[in-house]
Amino acid sequence: MAHVHHRFATVDGRQLFYREAGPADAPVVVLLHGYPTSSFMFRELIPQLADRYRVIAPDMLGFGLSDAPPVTEFDYTFDALTDLTAGLLRELGVTRYAVYVQDYGAPVGWRLALRDPEAIAAIVTQNGNGYDAGFVEDFWAPVWDYAQNPNVDTEAAVRGALSIDAIRWQYLHGVADGTVVSPDTWHHDHALVSRPGNDLAQLALFRDYRTNPPLYPALHQYLRDSRVPVLAVWGAGDEIFGPEGARSFAHDAVDAEVHLLDGGHFLLESAGGQVAELIRDFLGRRLAGAAAP
């Protein structure tokens, strides 16, 4: 099994942590995590891909082991997170890659694709939303209220998402047998988002999420024009981004491959083996002959 390397790089004065494995001259797969986790969510997937691919999984600023500057020193937006991710890829000499997006990884991945369409060789979206149909209304209504009218009451409604109970729920909802999900996951994530001042960074990103749906029409046009291969592999029980979010990719991506699996938002924790098999098969067929970085 391939060794996974744990590294840091400085991008625009910020230290970013990333995991890397696989041959340096192999096609690149970039893994972009969601909230409230980090590249930790890919700890078991990386070795399953690294025999064939150079796999790179960064921690976004404010997450995992990357720097987490206070909001007085950094403007936490999805545009800014994309700038840093693009800078890291430049630092690593990556110019073309397949991208795996989940949750927050999706708005970063979509921005990367729209900025440089030729860079994206394939897309794997695992509960990484790109359609209005994917939003589960009960979950998102408080987020939209807070984004549109930040105040004490609307903030209180979303601040609960930072709690260990809410993070545990993200991991366990939609999972038939919760005992297969390690409690390490939510304890790890909660400890890191609970760093002093990080709550304000996360609240800033909650407010900025409103900038993502307006990008969707451009994303859909990109999918149609580029004909980029797309695999949507989704936890069918996700109560954050519902199954219609997965099915919708078939409207715009040519020959999109859509798989709804038994599981929830963090599908890798309960169906990681199935997801890895689907990705290996998909990339093996659709990424054949892709250029190395």
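Residues numbered from 1 in each chain as written. Predicted model: local features only at pLDDT ≥ 70, side-chain atom pairs only at ≥ 80, totals over all residues. Heavy atoms only, no water.

**Describing the overall build of the chain**
Quick note on the threshold: Only DSSP runs of H or I with at least four residues qualify as helices, and only runs of E with at least two residues qualify as strands; both kinds are numbered from the N terminus onward. Only the C-alpha atoms count toward the radius of gyration. The rule for a globule is 2.2 Å times the residue count to the power 0.38. For the accessible areas, the method is Shrake-Rupley and the probe is 1.4 Å, while residue cover comes only from the protein chains on display. Neither His nor the chain ends contribute to the count of charged residues, in which Lys and Arg are positive and Asp and Glu negative. A charge is said to be at NZ when it belongs to Lys, at CZ for Arg, at CG for Asp and at CD for Glu.
Helix and strand counts for the chain stand at 12 helices and eight strands. Relative to the compact-globule value of 19 Å for 293 residues, the chain shows a C-alpha radius of gyration of 18 Å, a close match. Expressed as lengths along the three principal axes of its C-alpha atoms, the size of the chain is roughly 55 × 40 × 40 Å. Summed over all atoms, the accessible surface of the chain reaches about 11,600 Å², with 51% contributed by carbon and sulfur. Side-chain charges in the chain split into 21 positive and 38 negative, and the spacing between the mean points of these groups amounts to 5 Å.

**A look at the pattern of salt bridges**
Spelled out, the test is: Should a side-chain nitrogen of Lys or Arg be within 4 Å of a carboxyl oxygen of Asp or Glu, the pair is scored as a salt bridge. Any residue under 20% of the maximum accessible area for its type is buried, any over 50% is exposed, and the rest in between are partly exposed; the area is computed with a 1.4 Å probe on protein chains only.
Tallied over the full model, the rule gives 14 salt bridges. Close ionic contact of R247 with E244 constitutes a salt bridge, the shortest N to O distance being 2.7 Å. Of this pair, R247 and E244 both sit in helix 10 (residues 243-247), separated by three residues, roughly a single helical turn. Given a relative accessible area of 40%, R247 falls into the partly exposed group. Taken together, the salt bridges that share partners define one network made up of E257, D281, R285 and R286.

**Things to note about the sheet that holds strand 2 (residues 14-21)**
Keep this limit in mind: Strands are labelled as partners when DSSP assigns at least two bridges between them. Lines are fitted to the C-alpha atoms to define the axes, a helix being fitted only along its stretch in contact, and any angle between axes, read from their N-to-C directions, falls within 0 to 180 degrees. For this analysis, residues touch if any pair of their heavy atoms sits within 4.5 Å.
An order of 1-2-4-3-5-6-7-8 is seen for the eight strands of this open sheet, with the pairing classed as mixed. With partners counted over all chains shown, the strands left at the sheet margins are strand 1 (5-11) and strand 8 (257-261), one partner each. The sheet shows a mean angle of 20 degrees between the axes of neighbouring strands, direction not considered. Taken strand by strand, helix 12 (residues 268-286) contacts strand 3 (28-32), strand 5 (97-101), strand 6 (120-125), strand 7 (230-235) and strand 8, and its axis lies near 165 degrees from that of strand 8.

**As for helix 3 (residues 105-115)**
Counted residue by residue, helix 3 has nine buried out of 11 residues, so it is predominantly covered. Every buried residue of helix 3 is accounted for by G105, A106, P107, V108, G109, W110, R111, L112 and A113. Each element contacted by the buried residues of helix 3 is listed here: strand 3, helix 2 (78-91), strand 5, strand 6, helix 9 (216-226) and helix 11 (249-252).

**Points about the confidence of the model for the chain**
For the record, the criterion: Across the chain, each position has a pLDDT score giving the predictor's confidence in that residue, from 0 to 100.
Taken residue by residue, the chain gives an average pLDDT of 96. The fraction at 70 or more is 98%. In the model, residues 289-293 has pLDDT below 50 throughout and makes 11 contacts with residues more than four positions away in sequence or in other chains.

**Notes on the pairing of strand 5**
Our working rule: Crossover handedness is defined by viewing with both strands directed away from the observer: a clockwise path from the first strand over the helix to the second marks the crossover as right-handed.
Here strand 5 lies mainly inside the structure; five of its five residues are buried. Residues Y97, V99 and V101 point to one face of strand 5 and A98 and Y100 to the other, with burial holding for every one of them. Taken together, the five bridges between strand 5 and strand 6 define a ladder with parallel strand orientation. Within the sheet, the bridge partner assigned to V99 lies in strand 6 and is I123. Between strand 5 and its parallel partner strand 6, the chain crosses via helix 3, and the hand of that crossover is right-handed.

**Some details on the side chain of D59**
As for its placement among the helices and strands, D59 is situated in the loop between strand 4 (54-58) and helix 2. Buried within the structure, D59 lacks any salt-bridge partner; its nearest side chain of opposite charge belongs to R19, at an N-O separation of 5.1 Å.

**Observations regarding the pairing of strand 2**
Looking along a regular strand, one sees side chains alternate from face to face of the sheet. Among the eight residues of strand 2, seven are classified as buried, and the element is accordingly described as predominantly covered. Bridge count for strand 1 against strand 2 is seven bridges, and the pairing is antiparallel. Paired with R7 across the strands is Y18, a residue of strand 2. As judged from the four bridges shared by strand 2 and strand 4, these two strands associate in the antiparallel manner. Directly across from A21, in strand 4, lies its bridge partner V55.

**Some thoughts on the packing of aromatic side chains**
Each aromatic ring pair is specified by the distance between its two centres and by the angle formed by the two planes. What counts here: Side-chain rings of Phe, Tyr and Trp, where Trp is taken by its six-membered ring, are said to pair if the distance between their centres is within 6.5 Å; with planes under 30 degrees apart they count as stacked, over 60 as edge-to-face, and otherwise as tilted.
Scanning the model with the defined rule gives 24 aromatic pairs in all. Each ring, one from Y35 and one from F206, has its centre 5.5 Å from the other, and the planes form 75 degrees; the classification is edge-to-face. Residue Y35 is located in the loop between strand 3 and helix 1 (45-49), and its partner F206 is located in helix 8 (residues 198-208); the two are separated by 171 residues in the primary sequence. Each member of the pair, Y35 as well as F206, is classed as buried.

**Remarks on unusual backbone geometry**
Each neighbour pair has its own omega, and for Y35 with P36 the value is 0 degrees, a cis peptide bond. Among the structural elements, P36 can be located in the loop between strand 3 and helix 1. If you check the backbone angles, N127 has positive phi at about 55 degrees while not being a glycine. Within the secondary structure, N127 sits in the loop between strand 6 and helix 4 (137-148). Its identity as a non-glycine residue notwithstanding, D255 has a phi of 55 degrees, on the positive side. Residue placement: D255 occurs in the loop between helix 11 and strand 8.

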